[in-house]
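# Analysis of the macromolecular model
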Amino acid sequence: MTIETVSTNVAFGGVQGVYRHASAVTGTDMTFSVYVPPHEKGAVLPVVWFLSGLTCTHANVTEKGEFRRACAELGLIFIAPDTSPRGEGVPDDAEAAYDFGLGAGFYVDATQAPFDQHYRMRDYIENELPAIIAAHFPADMQRQAIMGHSMGGHGSLTISLRNPGRFRSTSAFSPIVSPLNCPWGEKALGGYIGRDRAQWRAYDSVALIADGARLPDLLVDQGGGDNFLEAQLKTHLLTEQCAAVGQPATIRMQPGYDHSYYFISTFMGEHLTWHAERLKG
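## Re the pairing of strand β5 (residues 77–80)
- Along β5, one buried face is formed by I77 and I79 and the opposite face, lined by F78 and A80, is buried too.
- As paired strands, strand β3 (residues 29–36) and β5 are joined by three bridges and run antiparallel to one another. What sits directly across from S33, in β5, is A80.
- Pairing analysis gives three bridges linking strand β4 (residues 45–51) to β5, with the strands arranged parallel. In the strand pairing of β5, V47 is matched with I77.

Set out below in structure tokens:
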């Protein structure tokens, strides 16, 4: 579990690092970023995972998320993985479209050739990367939270729903709530998993909740001016499913905000404070 340090920078008294390692799961080198806030020697700190959206790498939220001041004040480690395997021999969308292939791993374990060899982002996020974090950083793995944006919102919701008890809190910005019911999801899950839609339910937050999965609580912010809202994100499906089964959830429409990091950064501090309250003790 060796890692290579790509860069480190001091920020708000802590250290923002970027790291690389050879992944046994994806068969590629993988890059991720970690912010470790200032802390007493020997202390272990709660962890917040942030899963990014289509076209992103670790760098988008690292550079534009405006999370470091809040993490320094709240004592939170902030982890930003990549969104897909990359490198020579990793297959991409046949037409190099942005919504499949490189930068669009959808946090699934692909079962369809040729993607099944490298596109194993579910296993990477659920198993391999957490072991690396535990081995190399002052992380309290008994106190974890997860959040994400768009495709990463889908990832944070489904990973948390499939792993009850692992994450004390779960939130999302502009999540793809039901890949079963949107073009992005149909393309991605059809390409990675195959045409049997029953197999897609493990990667659909609305379906998982309908099938009995539960979270202690849930916070979602969605921009009312998001041009992907009606066709792709369909926030109302999550709102309706949570209400139907009594899943506690705060799902807020924020008027005027779009799909960008201007929106994410506006509410990032509030989300981190919400997570920190649930990570105490």
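From this point, the narrative continues.
## A short note on the environment of S169
- Its location among the elements puts S169 in strand β7 (residues 167–173).
- Spatially, the C-alpha atom of S169 lies 8.6 Å from that of L219, the residues being 50 residues apart in sequence.
- When neighbours within four sequence positions are excluded, S169 is seen to be in contact with Q144, A145, I146, W274, H275 and R278.

## Digging into the nonpolar core
- Counting residues in hydrophobic clusters, the biggest one holds 48 residues, and the most contacted among them are F32, V34, W49, F106, Y124, I133 and Y192.
- Taken together, the elements giving at least two residues each to this core come down to β3, β4, β5, α3 (121–136), β6 (139–149), α4 (151–162), α5 (183–193) and α7 (229–233).
- Per-element accounting of this core gives the leading share, six residues, to α3.
- Contacts of Y124, omitting those with residues within four sequence positions, involve H21, S23, V25, T26, M30, F32, L129 and P130.
- Core analysis: the next-biggest nonpolar cluster, separate from the first, contains 24 residues, A11, Y35, V61 and F78 among them.

## Here's the deal with the state of the cysteines
- In total, this model carries zero disulfides according to the counting rule given.
- C242 forms no disulfide, and the closest cysteine sulfur to it belongs to C182, at a distance of 17 Å.
- Note on C242: relative accessible area 3%, which makes it buried.

## What about the packing of aromatic side chains?
- Scanning the model with the defined rule gives 17 aromatic pairs in all.
- Centre to centre, the rings of Y98 and W184 are 6.4 Å apart; their planes meet at 90°, and the pair counts as edge-to-face. Here Y98 is found in the loop between β5 and α3, whereas its partner W184 is found in helix α5, with 86 residues between them in sequence.
- The interplanar angle of 85° and the centroid separation of 5.9 Å between the aromatic rings of F173 and F263 together place this pair among those described as edge-to-face. Placement of F173 in strand β7 and of F263 in helix α9 (residues 261–278) is noted, with a sequence separation of 90 residues between them. Comparing F173 with F263 shows no difference in burial state: the two are buried.
- An aromatic cluster of at least three residues, connected via ring pairs, comprises Y35, F50, F67 and F78.

## Observations concerning the side chain of E126
- Following the sequence through the fold, E126 ends up in helix α3.
- Given the relative accessible area of 8%, E126 is considered buried.
- Of note is the side chain of E126, whose polar atom sits 2.7 Å from the side chain of R162.
- Setting aside its immediate chain neighbours within four residues, E126 contacts I159, R162, N163 and R166.

## Thoughts on the pattern of salt bridges
- Tallying each qualifying case throughout the model produces 13 salt bridges.
- A salt bridge links E4 to R20, with the shortest nitrogen-to-oxygen separation between them at 3.1 Å. Within this pair, whereas E4 is found in strand β1 (residues 4–11), its partner R20 is found in strand β2 (residues 14–22), the two being separated by 16 residues in sequence.
- Of the charged contacts, one joins D93 and K187 as a salt bridge, the two residues approaching to 3.3 Å between their closest N and O atoms. Remark: K187 occurs in helix α5 and D93 occurs in the loop between β5 and α3; sequence separation between them is 94 residues.
- Through salt bridges with shared partners, one network takes in D93, D99 and K187.

## Points about empty space enclosed by the protein
- Counted according to the given criterion, the structure contains one cavity of 30 Å³ or more.
- Approximately 30 Å³ is the volume found for the largest cavity.
- W49, I125, P130, Q144, I146, R166 and F167 together form the lining of the largest cavity.
- At the level of elements, α3 and β6 are the ones that each hand at least two residues to the lining of the largest cavity.
- When grouped by side-chain class, the residues that make up the lining of the largest cavity number five nonpolar, one polar and one charged.

How each quantity is defined
Residues numbered from 1 in each chain as written. Predicted model: local features only at pLDDT ≥ 70, side-chain atom pairs only at ≥ 80, totals over all residues. Heavy atoms only, no water. Buried < 20%, exposed > 50% of the residue type's maximum accessible area, 1.4 Å probe, protein only. Helix = DSSP H or I, 4+ residues; strand = E, 2+ residues; numbered from the N terminus. Pairing = 2+ DSSP bridges. Contact = heavy atoms within 4.5 Å. Core = buried A, V, L, I, M, F, W, Y, C linked by side-chain atoms within 4.5 Å. Disulfide = S-S within 2.5 Å. Phe/Tyr/Trp six-rings, centres within 6.5 Å; stacked < 30°, edge-to-face > 60°. Polar contact = N/O pair within 3.5 Å; in protein donor to acceptor, adjacent residues only side chain to side chain. Salt bridge = Lys/Arg side-chain N within 4 Å of Asp/Glu carboxyl O. 1 Å grid on protein atoms, 1.4 Å probe; cavity = no way out; pocket = protein on both sides within 12 Å on 5 of 7 lines; lining within 4 Å. Points joined across faces, edges and corners; volume = space filled by probe spheres on them. Nonpolar A, V, L, I, M, F, W, Y, C, P; charged D, E, K, R; others polar.

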